[in-house]
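# Observations on chain architecture
Residue-level listing of the chains:
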Amino acid sequence: MNKLKNLMTLALVALAMTIALGACNQEKKANTNVSTKSSLNIRYIDEDSVLKNYNLAKDFEEMTTRLQNEYDQAQKKYADQLGNFQNSVNQKMQNNQYSSEDAYKADVQKYQQLEQNAQAELGKLQQNSANQMQQSQKQLSDSIHNFLNDYAKKNNYDMVLFKSATGYINPKFEVTAEVIEGLNKRYTKVAKK
């Protein structure tokens with residue numbers, strides 16, 4: 001979960017820089033024909049608060065928890081299967097129940113096959129989780145980016161920065177609550193299939 005939060009924070013910081021650079025480029029283009037503005041109209045948001053309170057981010061956090069629980073359950077299931085099989089082999093050895101070395105080797109091969117299958121299945125689960133998290137991260141990033149573009153245009157802001165990407169900004173320029181409210185108003189949860 002912390003890994004997802006860190007990824008989201010990094011993506012949001014990158015997004016802020018992209019927006020800021022885009023705004024600067026637009027400002028430069030606008031300034032080629034118009035005199036330079038005397039000041040920029042800048043606001044900022046606290047991305048941690050956005051991630052904590054934006055319903056889409058909350059849904060993705062729930063998804064991450066669900067995926068982790070599914071992986072943990074599968075890992076336990078395969079560990080139990082392998083442990084039970086290993087115990088069976090050990091018990092057969094202690095009770096001299098193997099009629100030949102070939103019978104023992106067959107069980108060892110069966111164990112190795114079970115282990116390979118478990119590793120393959122866990123690998124698939126892990127890859128599926130990574131793909132879902134990557135898609136979710138992109139969706140979250142795109143959602144915030146698109147909202148901030150519209151929000152900045154609507155309010156005539158030259159830039160909306162992320163707090164973590166700055167050294168200091170006067171708190172009177174913070175618009176986090178407005179952005180969270182707007183994001184949540186615009187977000188419609190999609191029913192699971």
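In short, a report on the structure.

This part covers helix α5 (residues 176-186). For α5, the set of buried residues is T176, V179, I180, G182 and L183. Projection of α5 onto a plane perpendicular to its axis shows the buried side chains occupying an angular sector of 165 degrees, all on one side. Exposed side chains of α5 directed beyond 90 degrees from the buried face belong to A177 and K185. Buried residues belonging to α5 abut β1 (42-45), α2 (47-53) and α4 (101-154).

With that out of the way, let us pick up the packing of α4 against α5. α5 packs onto α4 with a crossing angle of 115 degrees between their chain directions and a minimal axis gap of 11 Å. As α4 packs across α5, the resulting crossing turns out to be right-handed. Contacts between α4 and α5 involve S143, I144, N146, F147, L148, D150 and Y151 on the former and, on the latter, E178, V179, G182, L183 and R186. Per-class residue counts for the contact of α4 with α5 are six nonpolar, three polar and three charged.

About the criteria used
Residues numbered from 1 in each chain as written. Predicted model: local features only at pLDDT ≥ 70, side-chain atom pairs only at ≥ 80, totals over all residues. Heavy atoms only, no water. Buried < 20%, exposed > 50% of the residue type's maximum accessible area, 1.4 Å probe, protein only. Helix = DSSP H or I, 4+ residues; strand = E, 2+ residues; numbered from the N terminus. Arc of directions from axis to C-beta. Contact = heavy atoms within 4.5 Å. Axes fitted to C-alpha atoms, helices over the stretch in contact; angles between N-to-C directions. Left-handed = near helix turned anticlockwise from the far one by under 90°. Nonpolar A, V, L, I, M, F, W, Y, C, P; charged D, E, K, R; others polar.

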